[in-house]
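Structural features, examined
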Amino acid sequence: MALLPIIIAPDPRLKMVCAAVNEVTPGIVNLMNDMLDTMYAAPGIGLAAPQVGVTQRIIVADVCKEENKREPRRLINPEIVWESDDLYAYEEGCLSLPEQYSDVARPKEVGIRYLDEKGKKRQLDAEGLLAVCLQHEMDHLDGILFVDHISSLKRNVILRKLKKLKKLENAG
Ligand code: K1U
Ligand code: ZN
């Protein structure tokens, strides 16, 4: 088990478009396991590879609410193949934007095609919190943060706060 440092915004590594994974190697499987350990420890319900400094199209998630029960998900090269017209607004957070939250409206249901940890093609139809979380994590793979979905006024307030916090941490 390895806990990976999570990159905090603002940081150019969170704004990059990630590259597709060509081959599911043991290194990729290890990375996904370390990402899950890091996500559970944070704690969080999702994590994308760029948040730990890896610019590849890999995400993990677990939105299971039952105590002592885990439903880890590992998705490689995820792609949305269909989405509902209905939107669903949820107050999102992000481990790269600590203690910042805002409502974001996204398609309520999505169909996602991806490769699993064995390199097998799979499709997942998601709704509710799982759909919210997977869309949020997939955004990270294109350098998009949840604050990019809100007004520039709110976004700038949040980013200024985080910039100040970083400055204070670096000074102390
Ligand atoms: O940074 C991330 O991408 C992870 C993020 C995922 C997410 C949260 C809410 C809506 C969409 C996507 C988080 O996990 S933030 C932490 C969080 O939501 C949480 C933490 C502990 C218990 C329950 C939730
Ligand atoms: Zn996030």
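Let us look at the structure shown here. (Residues numbered from 1 in each chain as written. Chains lettered and ligands numbered in written order. Predicted model: local features only at pLDDT ≥ 70, side-chain atom pairs only at ≥ 80, totals over all residues. Heavy atoms only, no water.)

Focus: the coordination of the zinc ion (ligand 2)
This is how the line gets drawn: Here a donor is any nitrogen, oxygen or sulfur atom (N, O, S) within 2.8 Å of the metal, with 3.2 Å used for Na, K and Ca; water is not among the atoms considered, so some sites may look incomplete. Secondary structure elements are taken from DSSP: a helix is a run of H or I of four residues or more, a strand is a run of E of two residues or more, and numbering for both begins at the N terminus. Accessible area is worked out with a 1.4 Å probe on protein chains only. A residue is then buried under 20% of its type maximum, exposed over 50%, and partly exposed in between.
Protein coordination of the zinc ion (ligand 2) is provided by Cys94 (SG), His136 (NE2) and His140 (NE2), with donor distances spanning 2.1 to 2.3 Å. The sequence pattern formed by the donor residues of the zinc ion (ligand 2) is C-x41-H-x3-H. Here His136 and its partner His140 are both found in helix H2 (residues 128-140), four residues apart, which amounts to about one turn of the helix. His140 shares its class with His136; the two are buried.

Comments concerning the site of ligand 1
The condition that has to hold: A molecule or strand has a residue near it when one of that residue's heavy atoms lies within 4 Å. N or O atoms within 3.5 Å of each other form a polar contact, as long as, within protein, one can give a hydrogen and the other can take it, and as long as residues adjacent in sequence are counted only when both atoms are side-chain atoms. Only the protein chains shown count as cover for residues, with accessible areas throughout obtained via the Shrake-Rupley method and a probe of 1.4 Å.
By nearness alone, 14 residues border ligand 1, and Ile45, Gly46, Gln51, Leu95 and Glu137 come closest of all. Contacts to ligand 1 include Leu95, whose backbone N or O atom sits 2.6 Å from an oxygen atom. Within the side chain of His140, an N or O atom sits 3.4 Å from an oxygen atom of ligand 1. For ligand 1, whose accessible area on its own is 530 Å², the fraction buried by protein is 77%. Mapped onto the shell around ligand 1, the elements with two or more residues apiece are strand E4 (87-92) and H2. Among the elements that line the shell around ligand 1, the one with the most residues is H2, at four residues.

Structural notes on the environment of Ala131
How we decide: Note on contacts: a residue pair is in contact if any heavy atoms of the two residues lie within 4.5 Å.
Within the element layout of this structure, Ala131 appears in helix H2. For Ala131, a relative accessible area of 0% puts it in the buried group. Placed 129 residues apart in sequence, Ala131 and Ala2 show a C-alpha to C-alpha distance of 27 Å. Ala131 has contacts with Lys108, Val110 and Ala126, leaving out every residue within four places of it along the chain.

A short note on the pattern of salt bridges
This is how it is decided: In what follows, salt bridge is the name for a side-chain nitrogen of Lys or Arg lying within 4 Å of a carboxyl oxygen of Asp or Glu.
Scanning the model with the defined rule gives seven salt bridges in all. A salt bridge links Asp11 to Arg13, with the nearest nitrogen and oxygen atoms 2.8 Å apart. For Asp11, a relative accessible area of 14% translates into the label buried. With its nearest N and O atoms 3.0 Å apart, the salt bridge here joins Arg106 to Asp139. Linking Arg106 in strand E5 (residues 102-107) with Asp139 in helix H2, this pair joins segments that are 33 residues apart in sequence. Here Arg106 matches Asp139 in class, with each residue buried.

With respect to the sheet that holds strand E1 (residues 46-48)
What counts, and what does not: Pairing between two strands requires that DSSP report at least two bridges joining them. For helices, the axis comes from a line fit to the C-alpha atoms of the stretch in contact; other axes are also lines fit to C-alpha atoms, and the angle between any two N-to-C directions lies between 0 and 180 degrees.
An order of E1-E2-E3-E6-E7 is seen for the five strands of this open sheet, with the pairing classed as antiparallel. At either margin of the open sheet sits one strand with a lone partner, and together these are E1 and strand E7 (121-127). The sheet shows a mean angle of 40° between the axes of neighbouring strands, direction not considered. By the bridge criterion, three bridges tie E1 to strand E2 (residues 58-61) in an arrangement that is antiparallel. By the bridge assignment, Ala48 is partnered in E2 with Ile59. Taken strand by strand, helix H1 (residues 26-41) contacts E1, E2 and strand E3 (73-83), and its axis lies near 40° from that of E2. Its contacts with the sheet put H2 on E1, E2, E3, strand E6 (109-115) and E7, and the angle it makes with E7 is roughly 120°.

Regarding the layout of surface pockets
The condition that has to hold: Cavities and pockets were defined on a 1 Å grid built over protein atoms only: a cavity is a set of grid points that admits a 1.4 Å probe from which the probe cannot escape, a pocket is an open set flanked by protein on both sides within 12 Å along at least five of seven lines, and lining residues are those with an atom within 4 Å of any such point. Grid points are joined across faces, edges and corners, and a volume is the space filled by probe spheres set on the points. For this classification, Asp, Glu, Lys and Arg are treated as charged, while Ala, Val, Leu, Ile, Met, Phe, Trp, Tyr, Cys and Pro are nonpolar and the rest, including Gly, are polar.
Volume-wise, the largest pocket comes out at about 370 Å³. Residue lining of the largest pocket: 21 residues in total, with Ile45, Glu92, Gly93, Cys94 and Leu95 positioned closest to the centre. Among the secondary structure elements, those contributing two or more residues to the lining of the largest pocket are E4 and H2. It is H2 that contributes the most residues to the lining of the largest pocket, five residues altogether. Among the residues making up the lining of the largest pocket, the classes are represented as 11 nonpolar, six polar and four charged.

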